[in-house]
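Here are the chains, one letter per residue:
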Amino acid sequence: MAKELWEGNAAIAEAAIRAGVEAFFGYPITPQTEVLEHFSKRLPELGRVFLQAESEVASINMVYGAACAGARVMTSSSSPGISLMQEGLSYIACSEVPVVVINIMRGGPGLGNVQPSQGDYFQAVKMAGHGDFHPIVLAPANVQEAIDYVVLAFDLAEKYRTIAMVVADGAIGQMMEPAEMPPMRPVRPPEERPDWALTGAQGREPNIITSLYLGAENLERVNLRLQAKLKEIAANEVRWKEYSTEDADLLLVAFGTVGRVCQTVVREARKAGMKVGLLRPVTLWPFPSGRIAELAEQVRGVLTVEMNAGQMVEDVRLAVEGRCPVRFYGRMGGVIPLPDEILPELEKLDKEC
Amino acid sequence: MQEAGRRIQEEIIISGFGGQGALFAGQLLAYAAMDQGLHVTWIPSYGPEMRGGKARCTVVISDEEIGSPLVRRPSAAIVLNIPSMEAFEPAVKPGGILVVNSSLVPQKSERDDIHVIYVPASDIASDLGNVRLANVVCLGALIQALGVIPLEAIERALDDHLPERHRKLLGLNKEALRKGAEYGEH
């Protein structure tokens, strides 16, 4: 299929349609309302479900219900809306049903603004809801990746019966780039629902899906099972991209929008004679700690750049474990750091180590 | 139009009032660049804006994978109104191009390190019968001066992507593009 010019938000919705999403439940919020707009036009055309709920709380619980029934289902929101969904996300995690969630992050905290931000890294990676769990978190840096990772999110969510989140920001949501859509997958017919799904217990024992386990040992057993699954995901599903790391003696680590900004930084720093490489995490959870640890043996120092006050840098430091200095540069409130302000930070690091 | 071996990397900001077509002019450029097999990003300024508020987009065109879709110092800019002139005339990189809609922007650039093209775009557009074609007039001037994308590629983008409701203006759009291009000739 030839490349077309796609807006990020519309591309995310269309990619989900191609991946066979059966139902979308959500509530509009800038800067991702175009996701709903695209779905609201396309899903009814295709005889699938688009439902604008009365709130994010309602949306995530509708998603939970549909997922329990074995439907391929998703929601999408932006930072404050995701906060409202957190109770539901925790229930979904404990219930082990596959769900895809998009967060087009905006400036915070609070109602904040609608500009691009990565302020929800901790929320997505460390605490998507109460209790012990991690969603798989995918971070695209361009429109093609947004398409590819939405499709991947469905596959991973179903493979592990877990939540897969795709986190981006308004820059990726609002921008247009040439990108290629995958072919349309057929929607899974009702008779092919997973065997754990609640499909009416005709001719079989009833399935039970719950997040309520009374009794400490009971719930600990569930937790142990969840932890074993997370371990398996961490072993199998770490993804990242590297740029010019082969001979690098300085390393940039950045994801999403500022990750691609750092691709420009690498080019410019190389022109200025610095041997700089970039590691761009694709999965924020599981985090590419192993590869960062390896590179920390090779480089003199690491600069982590984020659109927040310094969140992923904590995971970078945990991975580096003191092998080399780790510095941080970030902008907040919806400001995107540009190459001309990141380069001097690299030069400082270059002199220091 | 491209000399062999020359790198292509252009960052273009198009800025004006909401309703002047800054975003659409940028999209035409993006479609044309894509059709030429180039990498391209189009990113709008967005937020709680209203008709008549500021509207701006940045288009990056490159022969390699694009890193930053945003720049502080563009290699070219189209300024459709006075606030845009004030914001981006100082920002254009030395050696870059500035296209000024001189119908609405009376001031002259004081810079001697950039190529400034004054186009009475709104007047040309009015003469053609629709003042809202000023964006395409300016785009014509820029494309001609830039020399990275052929004018015909923009015409094809118009053929393919002019919204249905403006279809009847296809011929006028092309005429506006060519009128603008005359101003872009060195």
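Residues numbered from 1 in each chain as written. Chains lettered and ligands numbered in written order. Predicted model: local features only at pLDDT ≥ 70, side-chain atom pairs only at ≥ 80, totals over all residues. Heavy atoms only, no water.

All names here are of chain A. If you check the domain split of chain A, you get domain 1 (4-198 + 226-235) and domain 2 (241-352). Here the C-alpha centre of domain 2 lies 27 Å away from the C-alpha centre of domain 1. Buried surface at the junction of domain 1 and domain 2, summed over both partners, amounts to about 2300 Å²; 56% is from carbon and sulfur atoms. A per-residue breakdown of the area domain 1 buries against domain 2 is headed by Gln-118, Tyr-121 and Phe-122, which together make up 30% of the total. Our count for the contact surface shared by domain 1 and domain 2 stands at four salt bridges. Close ionic contact of Glu-145 with Arg-280 constitutes a salt bridge, the shortest N to O distance being 2.8 Å. (Domains from an automatic or database assignment. Buried area = accessible area lost by both parts, 1.4 Å probe. Salt bridge = Lys/Arg side-chain N within 4 Å of Asp/Glu carboxyl O.)

Residue and element names in this part refer to chain A. One open sheet holds the five strands; their spatial order is β9-β11-β10-β13-β14, and the pairing between them is mixed. Taken across any chain shown, the strands that pair with only one partner, and hence form the sheet edges, are β9 (240-243) and β14 (326-330). For this sheet the average axis-to-axis angle between neighbouring strands, irrespective of direction, equals 20 degrees. As paired strands, strand β13 (residues 301-306) and β14 are joined by five bridges and run parallel to one another. Residue pairing for β14: Leu-303 is matched across the bridge by Arg-327. (Pairing = 2+ DSSP bridges. Helix = DSSP H or I, 4+ residues; strand = E, 2+ residues; numbered from the N terminus. Axes fitted to C-alpha atoms, helices over the stretch in contact; angles between N-to-C directions.)

By size, the foremost hydrophobic cluster in this structure holds 119 residues, and its most contacted members are A:Phe39, A:Leu252 and A:Ile342. Among the elements that take part in this core, helix α6 (residues 143-160) of chain A stands out by supplying 12 residues, more than any other. Two domains each donate at least three residues to this core, and these are domain 1 (4-198 + 226-235) and domain 2 (241-352) of chain A. Counting 54 residues, the second largest nonpolar core, distinct from the first, contains B:Ala30, B:Ile61, B:Leu146 and B:Val148. (Core = buried A, V, L, I, M, F, W, Y, C linked by side-chain atoms within 4.5 Å. Buried < 20%, exposed > 50% of the residue type's maximum accessible area, 1.4 Å probe, protein only.)

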